[in-house]
Amino acid sequence: LSRPGAGATVTAIATVALLGAWLVWQPLRASDAATAAVTAASRGQAGRAFDDAHSAATADPLALQPLFVLSSLYEAAGDQRAARAQLTEAVGRQPENRDSWLALGSYDLAHGHARQALPSLRRAVALDPTVPETVDAPNQALAALRSQG
């Protein structure tokens, strides 16, 4: 440490190590909170489930799973608008992720909004045309549209 740049180098290395640890810890913390939310919901503890899911969504602002959990919680509580809003948020967080588009499109399709679902489902296919479930989803929306008249 007697050399002029040694202190700065040690500080930089320590900073990088702490940043690396934080980058690993945040997604783990978010995953644990999302799991806790699911557990609380399965025990009928809706308030705690919502708290844990919101915590997970805040802990890792890039994670989709907490938003999917929140969507399910809102749907179970009968708030379809909030449930769909969480899925829209997921698309906003990861617009290049097939899963976010597939979740939004599948939600719309399941709630009788095939026309609204179709663009989301087509976007999911465009992002990853290798998964059979994804490739078939727009066909399900088209079939629903045909059956509606």
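Source: prediction; values computed, not measured.

**Q** Provide a residue-level description of the overall build of the protein, including the pertinent values.
**A** Across its full length, the protein carries seven helices and zero strands. Listed by position from the N terminus, the elements making up the protein come as α-α-α-α-α-α-α. Counting the 149 residues in the protein, one finds 37% classified as buried. The contacts of the protein with a sequence gap of at least 6 include a subset with a gap of at least 24, amounting to 44%. Looking at the protein as shown, the accessible area adds up to about 8,900 Å², and 59% of this sits on carbon and sulfur atoms.

**Q** An account of the environment of Glu89 is needed here, citing residue identities and associated values.
**A** Its place among the elements puts Glu89 in helix α4 (residues 80-93). Remark: the alpha-carbon pair of Glu89 and Ser100, spanning eleven residues in sequence, is separated by 8.8 Å.

**Q** I'd like to hear about the nonpolar core, residue by residue, with values.
**A** Ala53, Leu70, Leu73, Tyr74, Leu109 and Leu121 are the most contacted members of the largest nonpolar core, which totals 32 residues. Counting only elements with at least two residues in this core, the list comes to α1 (6-42), α2 (46-59), α3 (65-76), α4, α5 (98-110), α6 (114-127) and α7 (132-148). At six residues, the largest contribution of residues to this core is made by α3. Beyond its immediate stretch of four places on either side in the chain, Leu121 contacts Leu102, Gly105, Ser106, Leu109, Ala137, Pro138 and Ala141.

**Q** Any chance you could break down the side chain of Ser100 for me, citing the residues and the numbers?
**A** Among the structural elements, Ser100 can be located in helix α5. Judged by relative accessible area, which is 0%, Ser100 ranks as buried. Those residues in contact with Ser100, other than ones at most four positions away along the chain, are Leu64, Phe68, Ala90, Val91 and Gln94.

**Q** Any details on the confidence of the model for the protein? Residues and values, ideally.
**A** Interpretation of the predicted coordinates at a detailed level should be avoided for regions scoring low in pLDDT. The pLDDT averaged across the protein works out to 86; a share of 85% of its residues lies at or above 70. Mean pLDDT across the elements of the protein ranges from a minimum in α1, with 70, to a maximum in α4, with 97.

**Q** Could you give an account of the pattern of salt bridges, with specific residues and numbers?
**A** Scanning the model with the defined rule gives six salt bridges in all. Glu96 serves as the salt-bridge partner of Arg123, at 3.0 Å between the closest nitrogen and oxygen. Remark: Glu96 occurs in the loop between α4 and α5 and Arg123 occurs in helix α6; sequence separation between them is 27 residues. Overall, Arg123 belongs to the partly exposed group, its relative accessible area being 29%. Among the ionic pairs, Arg98 bridges to Asp128, the shortest N-O distance being 3.7 Å. Within this pair, whereas Arg98 is found in helix α5, its partner Asp128 is found in the loop between α6 and α7, the two being separated by 30 residues in sequence. Judged by its relative accessible area of 17%, Arg98 is buried. Among the charged side chains, a salt-bridge network with shared partners connects Arg98, Asp99 and Asp128.

Quick notes on the rules
- Residues numbered from 1 in each chain as written.
- Predicted model: local features only at pLDDT ≥ 70, side-chain atom pairs only at ≥ 80, totals over all residues.
- Heavy atoms only, no water.
- Helix = DSSP H or I, 4+ residues; strand = E, 2+ residues; numbered from the N terminus.
- Buried < 20%, exposed > 50% of the residue type's maximum accessible area, 1.4 Å probe, protein only.
- Contact = heavy atoms within 4.5 Å.
- Areas by Shrake-Rupley, 256 points an atom, 1.4 Å probe, with all protein chains shown as cover.
- Core = buried A, V, L, I, M, F, W, Y, C linked by side-chain atoms within 4.5 Å.
- pLDDT = per-residue confidence, 0-100.
- Salt bridge = Lys/Arg side-chain N within 4 Å of Asp/Glu carboxyl O.

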